[in-house]
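Residues per chain, in single letters:
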Amino acid sequence: MRHIISLLMENESGALSRVAGLFSARGYNIESLNVAPTEDPTMSRMTIVTSGSDEVIEQINKQLNKLVDVVTVMDLTDGDHIERELMLVKVRAAGDDREELKRMTDIFRGRVIDVTDKTYTIELTGTGHKLDRFLQAIDHSLILETVRTGASGIGRGDRILKL
Amino acid sequence: MELTGAEITIRCLQEEGVEYVFGYPGGAVLFIYDELFKQEQVKHVLVRHEQAAVHAADGYARSTDKVGVALVTSGPGVTNAVTGIATAYLDSIPLVVISGQVPTSFIGEDAFQEVDAVGITRPCVKHNFLVKDAKDIASTLKKAFYLAKSGRPGPVLVDIPKDVSNQKVEFEYPASVHIRSYNPQTNGDINQIKRAAQLLLEAKRPMVYAGGGVILSDASKQLTELVRLLGAPCTNTLMGLGGFPASDKQSLGMLGMHGTYEANMGMQNCDVLLAVGARFDDRVIGNVAHFNSVPRKIIHIDIDPASISKRVKVDVSIVGDVAHVVSDLLAVLNSSKQKPEAAALKDWWKQIAEWRGANSLTYKNSTELIKPQYVIETLHKITHGDAFVTSDVGQHQMWAAQYYKFDQPRRWINSGGLGTMGFGLPAAMGVQLAHPGATVACITGEGSIQMNIQELSTCKQYNLPIKVIALNNRYLGMVRQWQEFFHGNRYSHSYMDALPDFVKLAEAYGHVGILVEKPSDVEGALKEAFARKDDLVFLDFRTDSTENVYPMVPGGKGLSEVILAEDL
Ligand SMILES: Cc1cc2nc3c(=O)[nH]c(=O)nc-3n(C[C@H](O)[C@H](O)[C@H](O)COP(=O)(O)OP(=O)(O)OC[C@H]3O[C@@H](n4cnc5c(N)ncnc54)[C@H](O)[C@@H]3O)c2cc1C
Ligand SMILES: Cc1ncc(C[n+]2csc(CCOP(=O)(O)OP(=O)(O)O)c2C)c(N)n1
Ligand SMILES: [Mg+2]
């Protein structure tokens, strides 16, 4: 099953490689991983999307907790949560395509954030699934490049990941 | 007052009460060596290879309850140390390894003797640090010692660039240490302990399976009391030998691939299994599906939550330190009105007696050829079972584990998890230094000993009267055995040709060497060797070259699918 694991870790050099190294050394899947500092500059928050049997996911959680730089771990998929991913797509936008691309962007509640006479750059946020659907919805041959952050997640309501 | 990073490093070691540092100098650690020179409290032992420095620190740690310390230079110093670090990591041994690094301004430039020490060791340390400022040395070393020893122990590497060791800052050793992201749990959950007690009291066929965690926790006293109170059989892993006295009538000996028949059958037929500081290793439980194919309740005590339900799902998990948890379990059991099921236990012991009747550790002694098992049995007799025994890796290691009956913890020092040939002799150096008057024997093979034989020189320099017991079968015997069983007797590169004359070699290093070729000379030679209290004696026993280790559960098979000597 797909799991979204969220964790707080010390903002130390090398902390990221400990997490990445753990996944490769133990043969766990990483679908995506993102990390950035939090409001507390000594800590970073990481979201890892992974998949595996219940046993594997249990081990992943335990092994992550065991890393000395990892402060706390939460498997968001254990409860109510929100998942968002940001995607930037650069598309070839000329002639009739310009209108169609703008229309699709609006339908998906995206924004065109850069315009040239030949291209649009579209910003889109949502679940990974929604971003996939957008890419399917537009003419594939128009896509010049895409960049995605991978999912970020947060618990709903009182589910808070704190020190 | 301001001190240099190097002075601070040594001061920290003094503050930690470090008695010995095992090391080898080089450019990046020259300032630290200079400070070592200027004081006497911390003694430095100059090894002949950095791998040996780490193994010696490791042997020191295993035979005491202290943290072992090694010091190596950058680049090749660190890479040579890696095998030692990984060895300690797999067996959860507390070490602090200090490595020199190129100056901070050179890092990343492929400088002379630069390797990414933190990167190279990351997968085989509990934690590691690169210290970029001398003001962080004291707090980092404090953390390093704390991390190494607390929770599930393990090696910690501290990498110190050369300029940092020469930078002057104020020194203050922190009185205490707190790492917000690291809080190992020592006390077990009392409700889980009560559930465990209930299961054990109701068990008809209880079994205790005790591992290295008992030794690491210094909990053999508590474990022994528990086993006696339960009236249950107890088996120990290779890492747990000595945690419960082997000569006790409730001991079933070692389990696993080369475990006794009764221990493995007990594992497979018990109804409640209490696993204490043991990690259900593949060499121990064999085929997982086969192991799980019988119904039994499993209780698992371990300080590392990740060890629990990793390979085998358990029914009652208790995260905590063995000494604490077993004490609490004893208190619960002692205050309970219920007693273990006497009648059921009687039947269970009857069944066990039948398995014991298979005499799975018997071997046919010979008047022509020296049987390795006989050497170990005689060693046990001559040393009254009271020696510290280190081992290398191979058949000789298994025979040592099977035939030297360990009654005390921290007496059996071997590389179980990584299985590192070359471990035995340097580990024995650490043991002998930790226990100056004690009898220390290193059981080895002619293959393994050559992986760190240069340490005979260190032994000479520091007058370490170790007795090297080489079971010289002229084969990489453990490899040969697998080739005989599973590769159609094709002995591909497992024959040790062009062996040195070990007696002359020992003499060349300034020691005593004895060649033993006849069974009738075994006892006399051992007596002579151990009578030489002040000498290192290298005993070259020419043993039966085709002897195999039995019992054997072949890889991938279940614990009851065992090959006994008599099956062949
Ligand atoms: C050639 C060869 C053959 C081998 N054959 C066998 C064999 O037949 N039988 C066998 O048993 N082994 C054998 N081994 C060894 C095997 O590979 C493993 O190293 C060993 O079985 C592991 O022992 P253990 O389960 O006791 O775990 P250890 O590696 O000793 O781990 C200790 C466990 O205790 C926990 N722990 C640590 N400290 C504490 C504490 N304070 N409180 C609570 N828990 C703690 C740890 O988290 C860990 O889970 C062999 C090795 C070699 C090289
Ligand atoms: C460093 C290392 N290389 C290879 C091995 C694989 N190996 C395991 S046992 C063994 C043979 C050891 O030979 P010897 O020391 O003579 O012991 P014996 O089995 O003959 O008693 C080998 C090569 C190992 N464990 N460690
Ligand atoms: Mg051999």
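These numbers were taken from a predicted model, which means no experiment stands behind them. (Residues numbered from 1 in each chain as written. Chains lettered and ligands numbered in written order. Predicted model: local features only at pLDDT ≥ 70, side-chain atom pairs only at ≥ 80, totals over all residues. Heavy atoms only, no water.)

Residue and element names in this part refer to chain B. Taken as a whole, chain B is organised into domain 1 (2–170), domain 2 (190–356) and domain 3 (372–549). Using only C-alpha atoms to locate each centre, domain 2 and domain 3 end up separated by 31 Å. Taken together, the contact between domain 2 and domain 3 spans 17 residues of the former and 18 residues of the latter. Summed over both partners, the interface of domain 2 with domain 3 buries about 1400 Å², with 60% contributed by carbon and sulfur atoms. Counting the surface domain 2 buries against domain 3, the share from its top three residues, Leu-238, Leu-241 and His-258, is 40%. One can count one salt bridge joining domain 2 with domain 3. Of the charged contacts, one joins Arg-410 and Asp-218 as a salt bridge, the two residues approaching to 3.0 Å between their closest N and O atoms. Taken together, domain 2 and domain 3 are joined by seven residue pairs in polar contact (both at pLDDT 80 or more). Its residues assigned to classes, the side of domain 2 that touches domain 3 comprises 10 nonpolar, four polar and three charged. (Domains from an automatic or database assignment. Contact = heavy atoms within 4.5 Å. Buried area = accessible area lost by both parts, 1.4 Å probe. Salt bridge = Lys/Arg side-chain N within 4 Å of Asp/Glu carboxyl O. Polar contact = N/O pair within 3.5 Å; in protein donor to acceptor, adjacent residues only side chain to side chain. Nonpolar A, V, L, I, M, F, W, Y, C, P; charged D, E, K, R; others polar.)

Another point: the site of ligand 2. Residues and elements named next belong to chain B. With respect to spatial proximity, 17 residues lie near ligand 2, and among them Gln-395, His-396, Gly-419, Ser-448 and Gly-477 are the closest. Contact distances for ligand 2 include 3.0 Å between an oxygen atom and a backbone N or O atom of Gly-447. Compared with its free state, where it exposes 590 Å², ligand 2 has 76% of that area covered by protein. For the shell around ligand 2, the secondary structure elements donating two or more residues are helix H17 (395–403) and helix H20 (477–486). The element best represented in the shell around ligand 2 is H20, accounting for three residues. (Near = heavy atom within 4 Å. Areas by Shrake-Rupley, 256 points an atom, 1.4 Å probe, with all protein chains shown as cover. Helix = DSSP H or I, 4+ residues; strand = E, 2+ residues; numbered from the N terminus.)

Let us look at the sheet that holds strand E15 (residues 388–391) of chain B. Residue and element names in this part refer to chain B. Spatially, E16-E15-E17-E18-E20-E19 is the arrangement adopted by the six strands of the open sheet, whose pairing is parallel. Edge positions in the open sheet fall to strand E16 (412–413) and strand E19 (512–516), since each of these has one partner strand only. Across two bridges, the pairing between E15 and E16 is parallel. Across the sheet, Val-389 pairs through a bridge with Trp-412, a residue of E16. In the packing of helix H16 (residues 372–382) onto the sheet, contacts are made with strand E17 (440–445), strand E18 (467–472) and strand E20 (537–542), and the angle to E18 comes to roughly 160 degrees. (Pairing = 2+ DSSP bridges. Axes fitted to C-alpha atoms, helices over the stretch in contact; angles between N-to-C directions.)

For the rest of this paragraph, the subject is the sheet that holds strand E12 (residues 272–276) of chain B. Residues and elements named next belong to chain B. With parallel pairing, the six strands of this open sheet are ordered in space as E11-E10-E9-E12-E13-E14. Lying at the two open borders of the sheet, with one neighbouring strand each, are strand E11 (251–254) and strand E14 (316–319). Shown here is a sheet whose adjacent strand axes are inclined to one another by a mean of 15 degrees, direction ignored. Contacts from helix H10 (residues 220–230) reach strand E9 (206–210), strand E10 (234–236) and E12 within the one sheet, and its direction differs from that of E9 by about 165 degrees.

Along the chain, the position of B:Asn128 falls in strand E6 (residues 127–130). B:Asn128 sits in the buried class, given a relative accessible area of 1%. Looking at B:Asn128, its side chain comes within polar contact range of the side chain of A:Arg18, at 2.9 Å. At 2.9 Å, the side chain of B:Asn128 and the backbone oxygen of B:Val118 are in polar contact. Apart from residues no more than four positions distant in its own chain, B:Asn128 is found in contact with A:Arg18, B:Val118, B:Thr121, B:Arg122 and B:Leu157. (Buried < 20%, exposed > 50% of the residue type's maximum accessible area, 1.4 Å probe, protein only.)

Residue and element names in this part refer to chain A. Along the chain, Ser-44 turns up in strand E3 (residues 43–51). For Ser-44, a relative accessible area of 5% translates into the label buried. Engagement of the side chain of Ser-44 in a polar contact is seen with the side chain of Asn-11, the distance being 3.1 Å. Contact partners of Ser-44, with chain neighbours within four places excluded, come to Leu-7, Leu-8, Met-9, Asn-11, Val-35, Ala-36, Pro-37 and Thr-38.

What follows covers the packing of H16(B) against helix H22 (residues 522–531) of chain B. Residue and element names in this part refer to chain B. Direction vectors running N to C along H16 and H22 enclose 45 degrees, while the axes themselves pass 10 Å from each other. Here H16 is positioned oblique relative to H22, judged by the angle of their axes. Relative to H22, H16 is oriented so that their crossing is right-handed. Counted together, Tyr-374, Val-375, Thr-378, Leu-379, Lys-381 and Ile-382 of H16 and Val-522, Glu-523, Leu-526, Lys-527 and Phe-530 of H22 form the full contact between these two elements. For the contact of H16 with H22, the per-class residue count stands at seven nonpolar, one polar and three charged. (Parallel < 35°, antiparallel > 145°, perpendicular 65-115°, else oblique. Left-handed = near helix turned anticlockwise from the far one by under 90°.)

Let us now look at the coordination of the magnesium ion (ligand 3). All names here are of chain B. Around the magnesium ion (ligand 3), the protein contributes the donor atoms Glu-446 (OE), Glu-446 (OE), Asn-473 (OD1) and Tyr-475 (O), at 2.1 to 2.5 Å from the metal centre. Counting gaps between the donor residues of the magnesium ion (ligand 3) yields the pattern E-x26-N-x1-Y. Highlighted residues: Glu-446 in the loop between E17 and helix H19 (455–461) and Asn-473 in the loop between E18 and H20, separated in sequence by 27 residues. (Donors = N, O, S within 2.8 Å, 3.2 Å for Na, K, Ca; no water.)

Take the environment of B:Val512 next. Residue and element names in this part refer to chain B. With respect to the element layout, Val-512 can be found in strand E19. For Val-512 and Ala-529, which are 17 residues apart along the polypeptide, the C-alpha to C-alpha distance reads 8.7 Å. Those residues in contact with Val-512, other than ones at most four positions away along the chain, are Ala-506, Arg-532, Asp-535, Leu-536, Val-537 and Phe-538.

B:Phe22, B:Ile85, B:Leu95, B:Ile466 and B:Phe538 are the most contacted members of the largest nonpolar core, which has 50 residues in total. When residues of this core are assigned to domains, at least three map to each of domain 1 (2–170) and domain 3 (372–549) of chain B. (Core = buried A, V, L, I, M, F, W, Y, C linked by side-chain atoms within 4.5 Å.)

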